[in-house]
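Coordinates in review
As a plain string of letters, each chain reads:
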Amino acid sequence: MKTFRHYLVLIGLLLTVAACKKDKDNEPSRTDMLTSKDWQLNDMNMRVNGVTGTYTVPADEQYTYRFTSDGKGTMEEADGTKENLTWSWQNNEEVLRVTSSGDTYDFQVFTLSKSSLSVGFQLNQQQIKDDASAGGGTLLYFALLYQAFTFPPNAPKLNDINTLTDLQLQLNYQAK
């Protein structure tokens, strides 16, 4: 009788593992989620030293990405202007590389689901210092955008590189 119970437990465990594997197999891949919808930019977040500011993109500045499974796509501006692009996954699908008009951008993927996509850039303290000593191109980009964001009172500013510990820009898209 004891052996029979052991077999029942073993069979139960095997069925549970098989059911979990089947559920995981039914989940869409990251490529499927990315290519099944158009993605419209709605808002952005900027984090400076752990403090987050927000920016809601006005309708006349929103643009939409369309990615196709063959590694191509388009970016359409609010006025209907379209630009072709190519895309690929990097770093085990944690980075989305987009090339358009000869420029290539590597976006860190913060979230990707059937209904939302958040990508952007993130710098730690050492990367901030390295960027500053190389001319500060990324810091200048953040500084230009900073003015458009709404931050809580007493939020850190970008004017003193030595006080910056982290910077993150997150572009938030919704499935269209």
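Throughout, residues of each chain are indexed from 1 in the direction in which the sequence is written. Residues qualify for local features only when their pLDDT is at least 70, as the model is predicted, and side-chain atom pairs are given and counted only at 80 or more; totals for whole chains, interfaces and linings, by contrast, use all residues. Side-chain numbers come from the whole structure's heavy atoms, not from hydrogens or water.

Going by what an unreviewed UniProt entry lists, the protein chain is known as Lipocalin-like domain-containing protein and is assigned to Hymenobacter guriensis.

1. A short note on the pairing of strand β3 (residues 63-67)
Partly exposed residues are those whose accessible area sits between 20% and 50% of the maximum for their type, while under 20% is buried and over 50% is exposed, using a 1.4 Å probe and protein chains only. By the criteria applied, helices consist of DSSP H or I runs no shorter than four residues and strands consist of E runs no shorter than two, each listed in order from the N terminus. Of all five residues making up β3, four are buried, and the element is well covered by its neighbours. Looking at chain direction, strand β1 (residues 38-48) and β3 are connected through three bridges and run antiparallel. From the neighbouring strand, D38 faces β3, where its bridge partner is R66. Pairs of strands are assigned from DSSP output, requiring at least two bridges between the strands. Where β3 and strand β4 (residues 72-77) come together, five bridges link them in antiparallel fashion. Of the residues in β4, the one forming a bridge with T64 is E76.

2. A look at the packing of aromatic side chains
Only rings of Phe, Tyr and Trp enter the pairing, Trp through its six-membered ring, and a pair is recorded when the two centres are within 6.5 Å. The plane angle decides the type: under 30 degrees is stacked, over 60 is edge-to-face, the rest tilted. For the coordinates displayed, the defined rule picks out 13 aromatic pairs. Centre to centre, the rings of Y141 and F142 are 6.4 Å apart; their planes meet at 80 degrees, and the pair counts as edge-to-face. You can call F142 buried: its relative accessible area is 0%. One aromatic cluster is present, built from ring pairs that chain together Y63, Y65, F67, W87, W89 and Y173.

3. Concerning helix α4 (residues 137-146)
Listed in full, the buried residues belonging to α4 are L139, F142, L145 and Y146. When α4 is viewed along its axis, its buried side chains cluster within an angular range of 130 degrees and face the same direction. Those residues of α4 that are exposed and aimed more than 90 degrees away from the buried face are L140 and L144. When checking whether two residues touch, look at their non-hydrogen atoms; a contact exists if any pair is within 4.5 Å. In this structure, the buried residues of α4 make contact with β1, β8 (116-124), α3 (125-133) and β9 (166-175). It is the directions from the helix axis to the C-beta atoms that the arc portrays.

4. What about the side chain of Q62?
Assignment of secondary structure puts Q62 in the loop between β2 (51-56) and β3. Under the relative-accessibility criterion, Q62 is labelled buried at 14%. Distance and chemistry together define a polar contact, namely a pair of N or O atoms within 3.5 Å, with one atom able to donate a hydrogen and the other to accept it when in protein, and with adjacent residues in sequence counting only for side-chain atoms on both sides. Polar side-chain contacts of Q62 include one of 2.9 Å to the side chain of Q40. When residues no more than four places from it in sequence are discounted, the contact partners of Q62 are Q40, L41, N42, V57, E76, E77 and A78.

5. Topic: α3
Capping of α3 at its N-terminal end is provided by N124; its side-chain oxygen lies 3.1 Å from the backbone amide nitrogen of Q126. The positive-phi residue at the C-terminal boundary of α3 is G135, with phi of around 120 degrees.

6. Looking at the pairing of β4
Between β3 and β4, which pair antiparallel and follow one another directly, the connecting turn spans four residues, one of which, G71, has a positive phi of 85 degrees. Direction of pairing for β4 relative to strand β5 (residues 82-90): antiparallel, over a ladder of five bridges. Paired with K72 across the two strands is T86, which belongs to β5. In sequence, β4 turns back onto β5 through a hairpin of four residues, with G80 there showing a positive phi of about 95 degrees.

7. Quick look at the pattern of salt bridges
For side chains bearing opposite charge, pairing can occur when the charged atoms are close. Salt bridges are identified by distance alone: a Lys or Arg side-chain nitrogen within 4 Å of an Asp or Glu carboxyl oxygen. Applying the stated rule across the entire model yields three salt bridges. Between D38 and R66 there is a salt bridge whose closest N-O contact spans 3.3 Å. Here the residue D38 occupies a position in strand β1, and R66 occupies one in strand β3, the gap between them amounting to 28 residues. Judged by relative accessible area, which is 30%, R66 ranks as partly exposed.

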